[in-house]
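Residue-level structural notes
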Amino acid sequence: MHEYSIVQSLLDQCEENAKANDAAKVKKVVVKIGVMSGVEPDLLKTAFDTFKEGTMCQDCEYIQNIQPIVIRCHKCHKTSTLTKHEYCCPKCQYVEVEIIDGEDL
C-alpha cells in the first residue's frame, strides 16, 4: 500500500515545518485528495491514525478534502466540475478537455 509511504512523508514534512517554526506540536493537518490521484482516502486516514502516534502530529485534527475532477473545454473554454467520470464538456459535449484539478494529492 503506497498510502503508508505517503503518510510517512506527510508526517516528516509536518515535523520539519513545525520545527522550522519553533512549534512544539502540530494542531491540524489538511489533505486535499483528488479523486483521480490513486489514493484511497479511508486507507490514508487509517495509515495516518496508525503512524501519527509518538510524533508531533499525535493529537492533531486530521481533515481530508476530496477534490472532484475539474476540466476546461478546448472548444467552448468553459471550466466544469465533473460529477461522473465522463471526460467531455457538460456544456457542449466536446471531448477534448484538459484536466485542471482532481489528479493530485
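For the structure given in this document, a descriptive report is provided here.

Parameters and conventions
Along each chain, numbering runs from 1 in the same order as the chain's sequence is written. Per-residue local features of the predicted model are confined to residues with pLDDT of at least 70, and side-chain atom pairs are confined, for both listing and counting, to 80 or more; whole-chain, interface and lining totals are unaffected and use all residues. Just so you know, side-chain values use all the structure's heavy atoms and leave hydrogens and water out. Helix and strand definitions here come from DSSP, where helices need a minimum of 4 consecutive H or I residues and strands a minimum of 2 consecutive E residues; each element is numbered from the N-terminal end. Each residue gets one of three labels from its accessible area relative to the maximum for its type: buried under 20%, exposed over 50%, partly exposed in between, using a 1.4 Å probe on protein chains only. Whether two residues are in contact is decided by their heavy atoms, any of which lying within 4.5 Å being enough. Accessible areas in this description were obtained via Shrake-Rupley with a 1.4 Å probe; residue shielding takes into account the shown protein chains only. For the purpose of charge, His is not counted, nor are the chain termini; Lys and Arg are scored as positive and Asp and Glu as negative. Here the site of a charge means NZ on Lys, CZ on Arg, CG on Asp, or CD on Glu. Between any two strands, pairing holds if DSSP finds at least two bridges. Angles run from 0 to 180 degrees between N-to-C directions of axes, and those axes are lines fitted to C-alpha atoms, restricted for helices to the stretch in contact. Just to be clear on terms, a salt bridge is a Lys or Arg side-chain nitrogen sitting within 4 Å of an Asp or Glu carboxyl oxygen. Arc definition: it is the arc formed by the directions from the helix axis to the C-beta atoms. Among the buried residues, those of types Ala, Val, Leu, Ile, Met, Phe, Trp, Tyr and Cys that are joined through side-chain atoms within 4.5 Å form a nonpolar core. A patch consists of residues whose relative accessible area exceeds 30% and which take part in no salt bridge; residues with like charges are grouped when within 9 Å of each other, and nonpolar side chains (Val, Leu, Ile, Met, Phe, Trp, Tyr) when within 5 Å.

1. Some details on the overall build of the chain
For the chain, the count of helices and strands is two helices and five strands. Helices (α) and strands (β) of the chain occur, in sequence order from the N terminus, as α-β-α-β-β-β-β. The C-alpha extent of the chain, read off along each of the three principal axes, is 50 × 30 × 20 Å. The proportion of buried residues among the 105 residues of the chain is 32%. Taking the intrachain contacts of the chain between residues at least 6 apart in sequence as the baseline, contacts between residues at least 24 apart amount to 62%. As displayed, the chain has an accessible area near 6800 Å², and 47% of this comes from carbon and sulfur atoms. Looking at charge distribution, the chain has the averaged site of its 12 positive side-chain charges lying 9 Å from that of its 17 negative ones.

2. Looking at the sheet that holds strand 3 (residues 70-73)
Remark on secondary structure: sheet strands pair via backbone hydrogen bonds, oriented parallel or antiparallel. Pairing in this open sheet of three strands is antiparallel, and the strands run 4-3-5 from one edge to the other. Two strands in the sheet have a free side with no partner beyond their single neighbour: strand 4 (79-81) and strand 5 (97-101). Looking at each pair of strands side by side, their axes are set apart by 35° on average, direction ignored.

3. What to know about the pattern of salt bridges
Applying the stated criterion across every chain yields a total of four salt bridges. Close ionic contact of Asp 49 with Lys 45 constitutes a salt bridge, the shortest N to O distance being 2.8 Å. Remark: Lys 45 and Asp 49 occur in helix 2 (residues 41-51); sequence separation between them is four residues, near one turn of the helix. Residue class for Lys 45 comes out partly exposed when judged on its relative accessible area of 35%. Residue Glu 98 pairs with Arg 72 through a salt bridge whose shortest N-O separation is 3.6 Å. With Glu 98 in strand 5 and Arg 72 in strand 3, this pair connects stretches of sequence that are 26 residues apart.

4. Comments concerning helix 2
Spacing of three or four residues puts side chains on the same side of an α-helix, whose turn is 3.6 residues. Leu 44, Ala 47 and Phe 48 are the residues of helix 2 that are buried. Buried residues of helix 2, seen end-on, are gathered within an arc of 100° and therefore sit on one face of the element.

5. Side note on the nonpolar core
In this structure, Val 26, Val 29, Val 31, Leu 44, Phe 48 and Cys 57 are the most contacted members of the largest nonpolar core, which totals 18 residues. For this core, the secondary structure elements donating two or more residues are helix 1 (2-20), strand 1 (28-34) and helix 2. Once residues lying within four places of it in the same chain are set aside, the contact partners of Leu 44 are Glu 3, Ile 6, Val 7, Val 31, Ile 33, Val 39, Tyr 62, Gln 64 and Leu 105.

6. A few points about a nonpolar patch on the surface
A cluster of nonpolar side chains, namely Val 35, Met 36 and Ile 66, defines an oily patch on the protein surface of about 240 Å² accessible area. Inspection of the secondary structure assignment puts Ile 66 in strand 2 (residues 61-67).

7. Let's talk about unusual backbone geometry
Look at Asp 22: it is not a glycine, yet its phi comes out positive at around 55°. Here Asp 22 shows up in the loop between helix 1 and strand 1. On the basis of relative accessible area, Asp 22 is assigned to the exposed category, the value being 74%.

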